[in-house]
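Residue strings, one per chain:
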Amino acid sequence: MSKRVLTTESGAPVADNQNSATAGVGGPLLLQDQHLLEKLARFNRERIPERVVHARGSGAYGYFEVTDDVTAYTKADFLGEVGKKTETFLRFSTVADSLGGADAVRDPRGFALKFYTEEGNYDLVGNNTPVFFIKDPIKFPDFIHSQKRDPFTGKQEADNVWDFWAHAPEATHQITWLMGDRGIPASYRHMNGYGSHTYQWTNEAGEAFFVKYHFKTNQGIRSLSADQAAELVGKDANSHQTDLLQAIERGVNPSWTLYVQVMPAAEAADYRFNPFDLTKVWPHSDYPLQRVGRLVLDRNPENVFAEVEQAAFSPNNFVPGIGPSPDKMLQGRLFAYADAHRYRLGVNHTLLPVNAPKATTAQNYGRDGAMALRNGSRHDKNYEPNSYQGPAQTDAALSAPLAIHGWTGTHEAPAHTKDDDFFQAGELYRLMSEDEKKRLIANIAGGLSQVSREDVIEKNLAHFAAADADYGKRVEEAVRALRED
């Protein structure tokens, strides 16, 4: 069987791919060696800007199957019939570290899911925790700066991490999650995924509901201690990538069961805390989990760069029956995610195979830009409305309108009866077993004890004490013990 002919980018055959052209034997290279110059120039441009957050990731394709009728709450077509399957792509990631970081670290995990529905792509961008550190997007760049590498030392600094948290009491709940047993998942397969934000569902009758998504792993929760994680990082920095790839290759396809919490829209205003606050969960006693379907991953990408690194998710990719809520963090991400991908990948990144719709065809009047692949023909106009049968609007809103009132301005979130930054962190602490509490205290103290300023330590200790007196007392004792050593 003859080999295929190696060619240049323009399709011309390559005569020699082992030796550069020179001026005589052993002489200097020639500028006319087009193949050499093309290879070097392309090699210099192989890397694109990495994600500012969620840079280190893994992904896989699969499907979502509806198992329970939820048409009373949403008119979304891909959720409209029990048994219906929709192709998906799921990207897991760490948050703070760079593309070359290790997998088994104490960090939240991204859980970004793309549904290739018949009504367009629906992106659900979440984490493996149901809450987050902050509730307003204006604080997000500062938060990430505090968690990333310090401009001077070039590494993550405890002073920066804990100083920001000292000024963000609302982070106490998420810190308790992160420093607890689930802070380092054993693998991507052995952790839950959450939409985290509050979203809106709208049914055929136009009734609106607010929902939270919970993807419960069917493999069971498994986590690593700090010592186990350090040992694993030393053996295989790509441990989670390795595990996911090999499991699917063996046919051990990981799966999750999707549940939702459903709140009638009319109940949101009078709920005892702000239901759109990303630092809080809805108690299951108020809004029980309702099963929706099953997510299965069954196919690995053929090319990690093309399909994982170039995968672009944006929470403003909605479909009819699903829309946003007044969650301020979600509102900020509706802009920020898509804008990040236009910077990283270009304005036509939605035409890349991993990002393009699969069950339908995108039809709009977007034109030109770098790497444009779909610019129409002589019969296609690039404006709307037109008289040439071009695509037209449906006049059917994707979701119900949100009622607003009051004055514009930089307002704090509306106050509800139990809107404080600490009570849910305290509830989470009190749910833990004694062994879980010991590990939580040790993890917090290990980082907080490294902070150089006593006032920063005191502010953080006050947050834990406000969540639970025992919690605060034990963290303080552990920090003091480590600092006296």
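Above this note sits the structure.
Residues numbered from 1 in each chain as written. Predicted model: local features only at pLDDT ≥ 70, side-chain atom pairs only at ≥ 80, totals over all residues. Heavy atoms only, no water.

**Q** With reference to specific residues and values, describe the overall build of the protein.
**A** The secondary structure content of the protein amounts to 12 helices and 10 strands. On C-alpha atoms alone, the protein measures out to a radius of gyration of 25 Å, which is about the 23 Å that the 2.2 N^0.38 rule sets for 485 residues. Along the first, second and third principal axes, the C-alpha atoms of the protein reach 80 × 65 × 50 Å. Of all 485 residues assigned to the protein, the portion counted as buried reaches 46%. Total accessible area on the protein is roughly 24900 Å²; 52% of this is exposed by carbon and sulfur atoms. (Helix = DSSP H or I, 4+ residues; strand = E, 2+ residues; numbered from the N terminus. Rg over C-alpha atoms; globule rule 2.2 N^0.38 Å. Buried < 20%, exposed > 50% of the residue type's maximum accessible area, 1.4 Å probe, protein only. Areas by Shrake-Rupley, 256 points an atom, 1.4 Å probe, with all protein chains shown as cover.)

**Q** Before we move on, can you summarise the side chain of Ser 58 with the specific residues and values?
**A** Mapped onto the fold, Ser 58 is located in strand β1 (residues 57–66). Within the local environment of Ser 58, its side chain forms a polar contact with the side chain of Gln 241, the two groups lying 2.6 Å apart. Ignoring anything within four residues of it in the chain, the contact list for Ser 58 reads Leu 90, Arg 91, Phe 92, Tyr 188, Gln 241, Leu 244 and Val 308. (Polar contact = N/O pair within 3.5 Å; in protein donor to acceptor, adjacent residues only side chain to side chain. Contact = heavy atoms within 4.5 Å.)

**Q** Residues and numbers for unusual backbone geometry, please.
**A** Cis geometry is adopted by the peptide bond preceding Pro 385, which originates at Glu 384 and carries an omega value of 5 degrees. Mapping Pro 385 onto the fold places it in the loop between α8 (328–345) and α9 (423–431). With phi around 60 degrees, His 54 is a residue other than glycine that occupies positive phi space. Relative to the helices and strands, His 54 is located in the loop between α1 (34–44) and β1. Assessed through its relative accessible area of 14%, His 54 is described here as buried.

**Q** Summarise the environment of Asp 97; cite the residues concerned and give the values.
**A** Relative to the assigned elements, Asp 97 resides in the loop between β2 (85–94) and β3 (109–117). Residue classification places Asp 97 among the partly exposed positions, given a relative accessible area of 24%. Spatially, the C-alpha atom of Asp 97 lies 8.4 Å from that of Arg 149, the residues being 52 residues apart in sequence.

**Q** Which residues make up the environment of Leu 278, and what are the values?
**A** Residue position: Leu 278 is located in the loop between β8 (255–264) and β9 (290–299). Along the sequence, Leu 278 and Leu 330 sit 52 residues apart, while their C-alpha atoms lie 8.6 Å from each other. Among all residues touching Leu 278, those that are not within four sequence positions of it are Pro 130, Val 131, Phe 132, Ile 134, Ser 196, His 197, Asp 327, Met 329 and Arg 333.

**Q** Could you give me a rundown of the pairing of β8, with the residues and numbers involved?
**A** Put simply, side chains in a regular strand alternate between the two faces of the sheet. The element β8 is largely enclosed, with a buried count of eight among its 10 residues. One ladder, built from nine bridges, connects strand β7 (residues 208–217) with β8; its direction is antiparallel. Bridge pairing in β8 links Phe 210 to Met 263. Direction of pairing for β8 relative to β9: antiparallel, over a ladder of six bridges. Considered in β9, the bridge of Trp 256 is made with Leu 295. (Pairing = 2+ DSSP bridges.)

**Q** So what's going on with the nonpolar core? Residues and values would help.
**A** Among the nonpolar cores identified, the biggest contains 42 residues, and Phe 133, Trp 162, Trp 165, Leu 448, Tyr 471 and Val 475 are the most heavily contacted of them. Every element with two or more residues in this core is listed here: α2 (140–147), α3 (158–166), α4 (172–179), α9, α10 (434–448), α11 (454–467) and α12 (469–484). Per-element accounting of this core gives the leading share, six residues, to α3. Residue contacts for Val 475: discarding those within four places in its chain leaves Ile 441, Ile 444, Leu 448, Leu 461 and Phe 464. Within the second largest apolar cluster, 36 residues are counted, among which are Ile 248, Trp 256, Val 260 and Leu 297. (Core = buried A, V, L, I, M, F, W, Y, C linked by side-chain atoms within 4.5 Å.)

**Q** Explain the side chain of Ser 314 residue by residue, including any values.
**A** Here Ser 314 shows up in the loop between α7 (304–309) and β10 (322–323). A polar atom in the side chain of Ser 314 sits 2.5 Å from the side chain of Asn 316. Beyond its immediate sequence surroundings of up to four residues, Ser 314 is in contact with Asp 123, Val 125, Leu 334, Tyr 337 and Ala 338.

**Q** Go over the pattern of salt bridges, please, and point to the residues and values.
**A** In the structure shown here, the tally under the stated rule is 30 salt bridges. A salt bridge links Glu 170 to Lys 139; the shortest N-O distance between them is 2.8 Å. With Glu 170 in the loop between α3 and α4 and Lys 139 in the loop between β4 (120–127) and α2, this residue pair connects regions lying 31 residues apart in the sequence. With relative accessibility at 7%, the residue Glu 170 sits in the buried group. Owing to a relative accessible area of 24%, Lys 139 belongs among the partly exposed residues under this scheme. A salt bridge links Asp 455 to Arg 453; the shortest N-O distance between them is 2.6 Å. In the salt-bridge network here, residues are joined through shared partners; they are Lys 135, Asp 277, Lys 280 and Asp 421. (Salt bridge = Lys/Arg side-chain N within 4 Å of Asp/Glu carboxyl O.)

Nothing here speaks to function; it is geometry throughout.
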